[in-house]
Amino acid sequence: MKPEIVLGPAEPPHDCPICPRLVAYREENKAKEPTWFNGAAPSFGDPDARLLIVGLAPGRMGANRTGRPFTGDYAGVLLYETLIKFGFARGRYEARPDDSLELIDCMITNAVRCAPPANKPLPAEEAACRPFLTARMAALPRLKAIVTLGDVSRKNVLKALGAKASSVPSGHGVEADVGPYRLFNSYHCSQYNQNTRVLTPDMFEDVFQAAKAYIDA
């Protein structure tokens, strides 16, 4: 008989102490902007979600400021408008955590929960935060599909599920079954990717249309 795997918490504490560089950056931001959230950004959404969206990490002006994933920065506009269009959200996104936005059958989290300098976490920081991602997925009893936003997200989701990072190829629109879940890869909805047309709204919507069709089948 295999030993039972005991998972830790799905959400780190606000002042998570694990990664020294991220703690130092958090304290730097707190000194400059004491009214900001300045902590490990919690997941946001429906605890019975069948769809999980996994981003890279909180942006300094996004979730690090507001405390809600993809809220307050450029990437959140396309993401939340798309979720509303496909019935995964209702209300109105107003780039603040006390708006009327509510997620339906969907949750959003990040591979790394604390904002990294230059939006680039180190591999050791990704590994340190990965147990929270593993536990987050396991804590969703109805989870069927995972949308990964960007290559770092894809690799971390695969590793969190006990698979090799190379087991599913990179590329926008790639789909694959990993364990009990279907993964849907998307380019990240960052301002850079949108401005350079690496990712268009139609491309982004195609991923969520496929994910919705899968979980509703």
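Residues numbered from 1 in each chain as written. Predicted model: local features only at pLDDT ≥ 70, side-chain atom pairs only at ≥ 80, totals over all residues. Heavy atoms only, no water.

### Notes on the sheet that holds strand β6 (residues 145–149)
Across the sheet, 6 strands lie side by side as β1-β5-β2-β6-β8-β7; this open sheet has mixed pairing. Looking at the sheet topology across the chains shown, the edges are occupied by β1 (44–45) and β7 (175–178). Across 4 bridges, the pairing between strand β2 (residues 51–55) and β6 is parallel. Its bridge partner lying in β6, isoleucine 53 is registered against valine 147. Across the face of the sheet, helix α5 (residues 151–160) comes into contact with β2, β6, β7 and β8 (181–186) while running at roughly 140° to β6. Sheet strands in contact with helix α7 (residues 201–216) are β2, β6, β7 and β8, and its direction is about 170° off that of β8. (Pairing = 2+ DSSP bridges. Helix = DSSP H or I, 4+ residues; strand = E, 2+ residues; numbered from the N terminus. Contact = heavy atoms within 4.5 Å. Axes fitted to C-alpha atoms, helices over the stretch in contact; angles between N-to-C directions.)

### Description of the nonpolar core
Within the largest apolar cluster, 28 residues are counted, with the highest numbers of intra-cluster contacts made by Ile53 and Leu83. If you list the elements that add at least two residues to this core, you get β2, α3 (74–85), β5 (106–110), β6 and α7. Beyond its immediate chain neighbours, meaning those up to four positions away, isoleucine 53 contacts Leu79, Leu83, Cys106, Met107, Ile108, Thr109, Val147, Leu149 and Phe208. Grouped together as the second largest cluster of nonpolar side chains are 18 residues, Leu133, Leu143, Val168 and Val178 included. (Core = buried A, V, L, I, M, F, W, Y, C linked by side-chain atoms within 4.5 Å. Buried < 20%, exposed > 50% of the residue type's maximum accessible area, 1.4 Å probe, protein only.)

### A short note on the packing of aromatic side chains
As enumerated under the stated definition, the model contains 4 aromatic pairs in all. Ring geometry for phenylalanine 204 and phenylalanine 208: centres 5.0 Å apart, planes at 65°, overall edge-to-face. Separated by 4 residues within a single helix, phenylalanine 204 and phenylalanine 208 lie in helix α7, roughly one turn from each other. Of the two residues, phenylalanine 204 and phenylalanine 208, neither departs from the other in class, the shared state being buried. One aromatic cluster is present, formed by Phe44, Tyr80 and Tyr93 through successive ring pairs. The ring of phenylalanine 88 carries the charged tip of lysine 212 above its face, separated from the ring centre by 5.2 Å. (Phe/Tyr/Trp six-rings, centres within 6.5 Å; stacked < 30°, edge-to-face > 60°. Lys NZ or Arg CZ within 6 Å of the ring centre and 35° of its normal.)

### Observations concerning helix α1 (residues 20–32)
Taking 1.5 Å of rise per residue, 13 residues should cover 18 Å, and α1 covers 19 Å from first to last C-alpha, within 8% of that figure. Of all the residues in α1, the buried ones are Leu22, Tyr25, Arg26 and Asn29. Considered in projection along α1, the buried side chains sweep an arc of 100° and stay on one side of the axis. Seen from the open side of α1, the exposed residues pointing more than 90 degrees away from its buried face are Pro20 and Ala31. For α1, the secondary structure elements touched by its buried residues are α2 (63–66) and α4 (123–138). (Expected span 1.5 Å × (residues − 1). Arc of directions from axis to C-beta.)

### A closer look at unusual backbone geometry
The phi dihedral of phenylalanine 70 is positive, around 55°, even though this residue is not glycine. Mapped onto the fold, phenylalanine 70 is located in the loop between α2 and α3.

### Let's talk about the environment of glycine 171
When you line up the elements, glycine 171 lands in the loop between α5 and β7. A relative accessible area of 27% places glycine 171 in the partly exposed class. For the pair glycine 171 and leucine 51, spaced 120 residues apart in the sequence, the C-alpha separation amounts to 20 Å. Look past the residues within four positions of glycine 171 in its chain and what remains in contact with it is Asn185 and Tyr187.

### Some thoughts on the pattern of salt bridges
This structure, assessed with the given rule, holds 19 salt bridges. Between arginine 21 and glutamate 125 there is a salt bridge, with its nearest N and O atoms 2.8 Å apart. Within this pair, whereas arginine 21 is found in helix α1, its partner glutamate 125 is found in helix α4, the two being separated by 104 residues in sequence. For arginine 21, a relative accessible area of 30% puts it in the partly exposed group. By relative accessible area, which is 5% here, glutamate 125 ends up buried. Its salt-bridge partner being aspartate 216, residue lysine 212 comes within 3.2 Å of it at the nearest N-O pair. In this pair, lysine 212 and aspartate 216 both sit in helix α7, 4 residues apart, roughly one turn of the helix. Given the relative accessible area of 28%, lysine 212 is considered partly exposed. Beyond isolated ion pairs, a larger network of salt bridges with shared partners links Arg50, Asp105, Arg142, Lys212 and Asp216. (Salt bridge = Lys/Arg side-chain N within 4 Å of Asp/Glu carboxyl O.)

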